Amino acid sequence: MEPLFDANAPLTTYEQASLTLQQTSVNAALDGNEIALWIGIGQAAASRDQHTATMRALEASIERTARP
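Every value quoted in this text rests on a predicted model; they were computed, and no experiment measured them.

A count of helical and extended segments in the protein gives 2 helices and 0 strands. A globule of 68 residues ought to have a C-alpha radius of gyration of about 11 Å, yet the protein, at 16 Å, is considerably larger. Each principal axis of the C-alpha distribution contributes one length, and for the protein these read about 55 × 25 × 20 Å. As displayed, the protein has an accessible area near 6,000 Å², and 60% of this comes from carbon and sulfur atoms. Considering the protein, the positive charge centre built from 4 side chains and the negative charge centre built from 8 side chains are found 13 Å apart.

And the structure:
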């Protein structure tokens, strides 16, 4: 099965910001801040949801523009 994305492609600004927030939250959680841990978990879930929605939109666009 072919991968869904190119792991070598540069990150978008959104992806960079999301990863920075997640890393900051994880670091804070390791320092004992439980609230930051849950924020990081929520951000990670939201970014997986964003990726899924983007992929579905891309698939729909390809289907609409494909030749019969």
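That was the structure; now back to the text.
This part is about the environment of Tyr14. Inspection of the secondary structure assignment puts Tyr14 in helix H1 (residues 13-30). The class for Tyr14 is partly exposed, based on a relative accessible area of 47%. Each C-alpha atom, one on Tyr14 and one on Leu37, is 20 Å from the other, the two residues being 23 residues apart in sequence.

Within the element layout of this structure, Ser18 appears in helix H1. Given the relative accessible area of 11%, Ser18 is considered buried. On a C-alpha basis, the gap between Ser18 and Arg48 in space is 11 Å, while along the polypeptide they are 30 residues apart.

A separate point is helix H2 (residues 34-65). Relative to the 46 Å expected for 32 residues at 1.5 Å per residue, H2 spans 47 Å between its end C-alpha atoms, a close match to the ideal helical length. Looking only at H2, the buried set comprises Ala36, Gly40, Ala44 and Ser47. Those residues of H2 hidden inside the fold are in contact with H1.

Reading the values: rules and limits
- Residues numbered from 1 in each chain as written.
- Predicted model: local features only at pLDDT ≥ 70, side-chain atom pairs only at ≥ 80, totals over all residues.
- Heavy atoms only, no water.
- Helix = DSSP H or I, 4+ residues; strand = E, 2+ residues; numbered from the N terminus.
- Rg over C-alpha atoms; globule rule 2.2 N^0.38 Å.
- Areas by Shrake-Rupley, 256 points an atom, 1.4 Å probe, with all protein chains shown as cover.
- Lys, Arg positive; Asp, Glu negative; His and termini not counted.
- Charge placed at Lys NZ, Arg CZ, Asp CG, Glu CD.
- Buried < 20%, exposed > 50% of the residue type's maximum accessible area, 1.4 Å probe, protein only.
- Expected span 1.5 Å × (residues − 1).
- Contact = heavy atoms within 4.5 Å.

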